[in-house]
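Architecture and fold: a report
Listed below, chain by chain, are the residues.
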Amino acid sequence: MACLNLDIFMDEQSSLLALFASSFFAATLLPGGSEAVLFGVLKAYPQLYWPALGVASLGNTLGGISSYLIGRLLPDEKAFLKKYSGNRRGLEWVRSYGSPVILLSWVPLIGDVLCVAAGWLRVNWIWVLLFMAAGKFARYWVIAEFLSN
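So, here's what we can say about the structure. Please read these numbers as outputs of a predicted model, since none were measured by experiment.

Bringing the layout of surface pockets into the picture now. What the largest pocket holds in volume is close to 240 Å³. In terms of lining residues, the largest pocket is bounded by 19 residues, among which Ala26, Ala27, Trp106, Val107 and Pro108 are the most central. Of all the secondary-structure elements, those providing two or more residues to the lining of the largest pocket are helix H2 (34-44), helix H6 (110-120) and helix H7 (125-148).

Turning our attention to the nonpolar core. Val94, Ile102, Leu114, Ala118, Val128 and Met132 are the most contacted members of the largest nonpolar core, which has 17 residues in total. At the level of elements, helix H3 (49-73), helix H5 (89-97), H6 and H7 are the ones that each hand at least two residues to this core. A per-element tally of this core places H6 first, with seven residues. If you look at the next biggest cluster of nonpolar residues, it comprises 15 residues, including Leu16, Leu42, Tyr45 and Ala52.

The end-to-end C-alpha distance of H7 is 34 Å, a good match for the 34 Å that 24 residues give at a rise of 1.5 Å each. Taken together, the buried positions of H7 are occupied by Val128, Met132, Gly135, Lys136, Arg139, Tyr140, Ile143 and Ala144. On the buried face of H7, the contacting elements are helix H1 (12-26), H2, H3 and H6.

On the secondary structure map, Arg88 appears in the loop between helix H4 (77-83) and H5. Relative accessible area serves as the criterion here: at 43%, Arg88 is assigned to the partly exposed category. Spatially, the C-alpha atom of Arg88 lies 9.7 Å from that of Glu77, the residues being eleven residues apart in sequence. Setting aside anything within four residues of it in sequence, one finds Arg88 in contact with Glu77 and Leu81.

Thresholds applied
Residues numbered from 1 in each chain as written. Predicted model: local features only at pLDDT ≥ 70, side-chain atom pairs only at ≥ 80, totals over all residues. Heavy atoms only, no water. 1 Å grid on protein atoms, 1.4 Å probe; cavity = no way out; pocket = protein on both sides within 12 Å on 5 of 7 lines; lining within 4 Å. Points joined across faces, edges and corners; volume = space filled by probe spheres on them. Helix = DSSP H or I, 4+ residues; strand = E, 2+ residues; numbered from the N terminus. Core = buried A, V, L, I, M, F, W, Y, C linked by side-chain atoms within 4.5 Å. Buried < 20%, exposed > 50% of the residue type's maximum accessible area, 1.4 Å probe, protein only. Expected span 1.5 Å × (residues − 1). Contact = heavy atoms within 4.5 Å.

Right, here's the structure in full:
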């Protein structure tokens, strides 16, 4: 399968903006695949390795924080469980382990639940932000390393 050459369509700044948007939306309750965009940016502009990692991590972290804020708006446990079809696992993990479990916020399906649960349980937002950023950066770094080899 041929790789789409992004430099025909976008310059470096536009590519990073598209990466930011895709990584933000991928971390919200909306579906998305920012890995493909990261791959395209790194393929078209290998010199943007670190800026692309930073932009993807920032966008994905801010998207995760938006899920945290949604959790802060949920009035009670019934509303939380209704939104997540009765999924108590994420809620119990956050109750048991606190903010460090947010390192797993990048995991598909469970990551959104963890972020919303942290918001609903009023876990300290600074710790949530730090653990979320660390986990999401580590994930993108592993992906970028894999893609560049």
